[in-house]
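This is what each chain is made of:
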Number of protein chains: 2
Amino acid sequence: MASQEIEALTGALARLPGLGPRSARRAVLHLVKKREGALIPLLSALQAVEERLATCSICGNVDTVDPCAICADPRRDARSLCVVEEVADLWALDRSRLFPGRFHVLGGRLSALEGVRPEDLTIDQLVRRIEADGIDEVVLAMNATLEGQTTAHYIAERLERYPVRLTQLAHGLPVGGELDYLDEGTLAQALRARRPVA
Amino acid sequence: MASQEIEALTGALARLPGLGPRSARRAVLHLVKKREGALIPLLSALQAVEERLATCSICGNVDTVDPCAICADPRRDARSLCVVEEVADLWALDRSRLFPGRFHVLGGRLSALEGVRPEDLTIDQLVRRIEADGIDEVVLAMNATLEGQTTAHYIAERLERYPVRLTQLAHGLPVGGELDYLDEGTLAQALRARRPVA
Ligand SMILES: [Zn+2]
Ligand SMILES: [Zn+2]
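Fair warning: this is a prediction, and the values are worked out from it, not measured in the lab.

**Focus: the pattern of salt bridges**
Residue and element names in this part refer to chain A. Within this structure, the stated rule accounts for 26 salt bridges over all chains. Note that Arg-117 is salt-bridged to Asp-120, the shortest N-O span being 3.4 Å. Here Asp-120 falls in the partly exposed class, since its relative accessible area comes to 39%.

Here it is as structure tokens:
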């Protein structure tokens, strides 16, 4: 039985993935006991992100700058592009530090069931990037699900007439596995063994 | 490799108890993808708490109102007082909903090693509450540690001359156990079997 504000904060934290009501309560207690050391830093960090949150107009990543930190990084290989379904996949791959190029976020995967068509994804933008930016390698990093693979095949067909080396993640991915949940070792293996699209 | 602001937010979340770098990243991803549904509610909740955070001038609880929600609740038995070492213990006991009275937070425990003396805790304030507020039951809910029990004995001596029923939590608590980490079942048993201080 705490005040409304404390309960609201506990509730907001409890809805984050990985936290439950119990850990949210411990987190709130930590925050209220360490106002200067924990609560205010977290508040400022959230404010800074909230104020600047933007979708990268080049790749579709979510960041506080546009272009995002990855697209703006001159050390990244601008001719190599890794295509992913979701921002979560981009973050998972970026975390593994195995891909030295840039990314392209589709915003989903083709799905007859959910009525997701090519024009609902950023496939046209991908084609335009390839035409404009001198891309010479495209890695298709879709999930190893039926829909992910359908999407990969569709994109492979669309890119057939461009002079790019087209590869996809090796099928070391567990069947039905979602990229965002894989450990870095599996991701590393799949990326190293990537093979040309047949 | 995200922007400074995203990294700062990930770091601030990762330092909360129960979260690590990995779950903090997932939480941040969730927040940036659900700006309206998750980021803004969490930000507002944090702001509301930060603006109003206060230590209760009666019991030492931390809340967004003073007196705290517990001290201000007329349904609480104002003549029964549960004395705890820390705010965390108050929250743990309150969560169990087993104690219908109010609380008193000592702000620590007596410790020769750490140089914590009676005047460093809110023991004088406790005595004054008992003198002024018509308290007729005091439950000593110290941790089952050497220092917790030393503190309980010291308070028992200080309260000897007051006409209050003095009890302490049953020693069903595991030796060395810290109250804040116990499950509700153990807490319930210990509270129900509380016994008079010898
Ligand atoms: Zn970008
Ligand atoms: Zn209070």
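What follows picks up the thread again.
**Considering the coordination of the zinc ion (ligand 1)**
Angles at a metal have ideal values that depend on geometry: 109.5 degrees with four tetrahedral donors, 90 or 180 degrees with six octahedral donors. Residues and elements named next belong to chain A. Protein-derived ligands of the zinc ion (ligand 1) are Cys-56 (SG), Cys-59 (SG), Cys-68 (SG) and Cys-71 (SG), with the metal-ligand distances lying across 2.3 to 2.4 Å. Around the zinc ion (ligand 1), the four donor atoms sit at angles spanning 103 to 116°, and that spread fits a shape best called tetrahedral. Here Cys-71 falls in the buried class, since its relative accessible area comes to 6%.

**Regarding the packing of helix H1 (residues 4-14) of chain B against helix H2 (residues 21-33) of chain B**
All names here are of chain B. Axis separation between H1 and H2 bottoms out at 8 Å; the angle between their running directions is 125°. Considering the angle they form, H1 stands oblique to H2. For the element pair H1 and H2, the recorded crossing hand is right-handed. Between H1 and H2, the residues in contact are Ile-6, Leu-9, Thr-10, Leu-13 and Ala-14 and Pro-21, Ala-24, Arg-25, Ala-27, Val-28, Leu-31 and Val-32, respectively. Residues of the contact of H1 with H2, tallied by class, amount to ten nonpolar, one polar and one charged.

**What to know about the domain arrangement of chain A**
Assigned domains of chain A: these are domain 1 (4-52) and domain 2 (70-168). Taking only C-alpha atoms, the centre of domain 1 of chain A and the centre of domain 2 of chain A are 35 Å apart.

**A short note on the environment of Pro-163 of chain A**
Checked against the element boundaries, Pro-163 of chain A lands in the loop between helix H6 (146-159) and strand S6 (165-168). Along the primary structure Pro-163 of chain A and Asp-136 of chain A are separated by 27 residues, whereas in three dimensions their C-alpha atoms are 6.9 Å apart.

**Let's talk about the pairing of strand S6 (residues 165-168) of chain B**
A regular strand places its side chains on the two faces of the sheet in alternate fashion. All names here are of chain B. Relative to S6, strand S5 (residues 137-140) is paired through four bridges, and the arrangement is parallel. Its bridge partner being in S6, Val-138 is matched across the sheet by Leu-166. Once the chain exits S5 it traverses helix H6 (residues 146-159) before rejoining the sheet at S6, and the crossover so formed is right-handed.

**Digging into helix H2 (residues 21-33) of chain A**
The terminal C-alpha atoms of H2 of chain A lie 18 Å apart, and with 13 residues this matches the ideal 18 Å at 1.5 Å per residue to within 8%. Every buried residue of H2 of chain A is accounted for by Ser-23, Ala-24, Ala-27, Val-28, Leu-29, Leu-31 and Val-32 of chain A. The inward-facing, buried residues of H2 of chain A contact helix H1 (4-14) and helix H3 (35-52) of chain A together with helix H3 (35-52), strand S2 (62-63) and helix H4 (87-95) of chain B.

**Regarding the UniProt feature "zinc finger region: C4-type" (unreviewed entry) in chain A**
Those residues carrying the UniProt feature "zinc finger region: C4-type" (unreviewed entry) are residues 56-71 of chain A in this numbering. This span, residues 56-71 of chain A, is 0% helix and 12% strand, and a straight line between its end C-alpha atoms measures 8 Å.

**Some details on the side chain of Asp-94 of chain B**
In this structure, Asp-94 of chain B sits in helix H4. Engagement of the side chain of Asp-94 of chain B in a polar contact is seen with the side chain of Arg-76 of chain B, the distance being 2.5 Å.

**Considerations on unusual backbone geometry**
Cis rather than trans, the peptide bond between Asp-66 of chain A and Pro-67 of chain A has omega equal to 0°. Secondary-structure assignment places Pro-67 of chain A in the loop between strand S2 (62-63) and strand S3 (77-84).

**Looking at the relation of the copies chain A and chain B**
The transform that puts chain A on chain B rotates by 180° and translates by 0.0 Å along the axis, for an RMSD of 0.1 Å. Such a combination of turn and shift is consistent with a two-fold rotation axis. Of the C-alpha atoms belonging to chain A, the one lying closest to the rotation axis is found on Leu-43 of chain A, 3.4 Å away. With an isologous cut-off of 70% or more, the 98% of interface residues of chain A that recur at the interface of chain B puts this contact in the isologous class.

**Notes on the pairing of strand S5 (residues 137-140) of chain A**
Residues and elements named next belong to chain A. Judged by which residues are buried, S5 turns out to be covered on both faces: Glu-137 and Val-139 on one side and Val-138 and Leu-140 on the other are all buried. Here S3 pairs with S5 via four bridges, running parallel. Within S5, the position partnered with Val-83 by the bridge is Leu-140.

**Digging into the packing of H2 of chain B against H3 of chain B**
Residues and elements named next belong to chain B. Between H2 and H3, the least distance of the axes is 6 Å, while the angle of their chain directions is 115°. By the criterion of interaxial angle, the relationship of H2 to H3 is roughly perpendicular. Together, His-30, Leu-31, Val-32 and Lys-33 of H2 and Arg-35, Ala-38, Leu-39 and Leu-42 of H3 make up the contact between the two elements. A class-by-class count of the residues in the contact of H2 with H3 yields five nonpolar, one polar and two charged.

Parameters at a glance
- Residues numbered from 1 in each chain as written.
- Chains lettered and ligands numbered in written order.
- Predicted model: local features only at pLDDT ≥ 70, side-chain atom pairs only at ≥ 80, totals over all residues.
- Heavy atoms only, no water.
- Salt bridge = Lys/Arg side-chain N within 4 Å of Asp/Glu carboxyl O.
- Buried < 20%, exposed > 50% of the residue type's maximum accessible area, 1.4 Å probe, protein only.
- Donors = N, O, S within 2.8 Å, 3.2 Å for Na, K, Ca; no water.
- Tetrahedral: all angles 85-135°; square planar, octahedral: opposite > 155°, others 65-115°.
- Axes fitted to C-alpha atoms, helices over the stretch in contact; angles between N-to-C directions.
- Helix = DSSP H or I, 4+ residues; strand = E, 2+ residues; numbered from the N terminus.
- Parallel < 35°, antiparallel > 145°, perpendicular 65-115°, else oblique.
- Left-handed = near helix turned anticlockwise from the far one by under 90°.
- Contact = heavy atoms within 4.5 Å.
- Nonpolar A, V, L, I, M, F, W, Y, C, P; charged D, E, K, R; others polar.
- Domains from an automatic or database assignment.
- Pairing = 2+ DSSP bridges.
- Right-handed = clockwise from strand over helix to strand, strands pointing away.
- Expected span 1.5 Å × (residues − 1).
- UniProt positions renumbered as here; feature names shortened; annotations may be inferred.
- Polar contact = N/O pair within 3.5 Å; in protein donor to acceptor, adjacent residues only side chain to side chain.
- Least-squares fit on C-alpha atoms with pLDDT ≥ 70 in both.

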